[in-house]
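# Fold and geometry: a report
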Amino acid sequence: MPDLTKLYEVILNGDSKSAIAITKQALDEGANPIEIVNQHMIPAMDEAGRRFECEEYFVPELLLAARAMKGSLELIRPLLAARGDKPVGRVIIGTVKGDLHDIGKNLIASMLEGGGFEVIDLGTDVSPEKFVQTVRERQPNLVCLSALLTVTMPSMKTTIDALKSAGLRDQVRVLVGGAPVTEQWAKEIGADGYGSNAAAAVPLARSVLAK
Ligand code: B12
């Protein structure tokens, strides 16, 4: 088994090539994909964020770290998303308007796919109008909104309000998440649930749909 603490270091240093090589070797040798993500990859991104806050890192370093993380995740995603035939529900997911962060959103999408959901991923910087249009066209059971910036959190409320104005709010459950998002915020904006991490996403999605 490769030294996975090295994965943390190479992601933090933005070394995609090494990140992919270590991840591949670890998976080949039977490492648990979720543990690789939670114990080594996410802590590396948290440290990159801390350094950014202290002005030790700037946007280029964040971008390199994100690229290294995404390279590793490409290998892990198919393992999270392996599922059976019959979808248990349809989900529309996206990062809200103004926000370009998609690593966490992609992880949630993979976990939901792995949990048997059909996932329609609208990407990043998704306008309320786009969510409304897709809900109308695709009739999902669940809408998942992600935001990583305090300044884009209000876009979650705007999106929920747009679903209400379009008369679609009663047809779907809405889940919200992302580093600055809280349970309290979810209640304030009228979401049906809040999840703090990828592991919580599937049980949360199932439980809100069962209500
Ligand atoms: C990587 C990164 C970037 C990359 C993003 C690349 C990409 N493709 O995603 C780049 C370089 C582009 C970037 C840009 C910026 N960033 Co940035 N970024 C980060 C960083 C370091 C990591 C984010 C990440 O990927 N984490 C790992 C993933 C796995 O975690 P996650 O996203 O939180 O997701 C998990 C949970 O939150 C949850 N979840 C997420 N979504 C959802 C949805 C649902 C429904 C559920 C249930 C759960 C859920 O589950 C996920 C998995 O466990 C964070 C710091 C941090 N620690 O968060 C800063 C951070 C978010 N960025 C920040 C800032 C300020 C910016 C910029 C404004 C910088 C600038 N001056 O340009 C720009 C904004 C660009 C924009 N318009 O969006 C600040 C935000 C501060 C704030 N409170 O608003 C942070 C916190 C850094 C800091 N400490 O200051 N960034």
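Here, the structure is the one placed above.
This write-up is about the structure you can find in this document. (Residues numbered from 1 in each chain as written. Predicted model: local features only at pLDDT ≥ 70, side-chain atom pairs only at ≥ 80, totals over all residues. Heavy atoms only, no water.)

## As for the site of the ligand
- Contacts to the ligand come from 35 residues, most closely from L100, H101, D102, S146 and T150.
- Within the side chain of D102, one N or O atom sits 2.8 Å away from a nitrogen atom of the ligand.
- In this structure, T150 approaches the ligand through a main-chain N or O atom, which is 2.9 Å from an oxygen atom.
- Assessed atom by atom at 2 Å from the grid points, the ligand resides in the largest pocket.
- Elements represented by at least two residues in the shell around the ligand include exactly α3 (33-53), α4 (59-80), α5 (103-114), β3 (142-146) and β4 (173-177).
- Among the elements that line the shell around the ligand, the one with the most residues is α3, at six residues.
- Here the residues of the shell around the ligand sort into 19 nonpolar, 11 polar and five charged. (Near = heavy atom within 4 Å. Polar contact = N/O pair within 3.5 Å; in protein donor to acceptor, adjacent residues only side chain to side chain. 1 Å grid on protein atoms, 1.4 Å probe; cavity = no way out; pocket = protein on both sides within 12 Å on 5 of 7 lines; lining within 4 Å. Sits in = over half its atoms within 2 Å of the grid points. Helix = DSSP H or I, 4+ residues; strand = E, 2+ residues; numbered from the N terminus. Nonpolar A, V, L, I, M, F, W, Y, C, P; charged D, E, K, R; others polar.)

## Some details on the coordination of the cobalt atom of the ligand
- If you check the protein contacts of the cobalt atom of the ligand, you find one donor only, H101 (NE2), at 2.3 Å.
- Inspection of the secondary structure assignment puts H101 in the loop between β1 (89-95) and α5. (Donors = N, O, S within 2.8 Å, 3.2 Å for Na, K, Ca; no water.)

## Quick word on the layout of surface pockets
- Taken as a whole, the largest pocket encloses approximately 1,300 Å³ of empty space.
- Lining the largest pocket are 39 residues, and of these H101, I103, G104, L148 and A179 sit closest to its centre.
- In terms of residue count, α3 provides more of the lining of the largest pocket than any other element does, seven residues in total.
- Counted by class, the lining of the largest pocket contains 25 nonpolar, 10 polar and four charged residues. (Points joined across faces, edges and corners; volume = space filled by probe spheres on them.)

On their own, these measurements won't tell you what the molecule is for.
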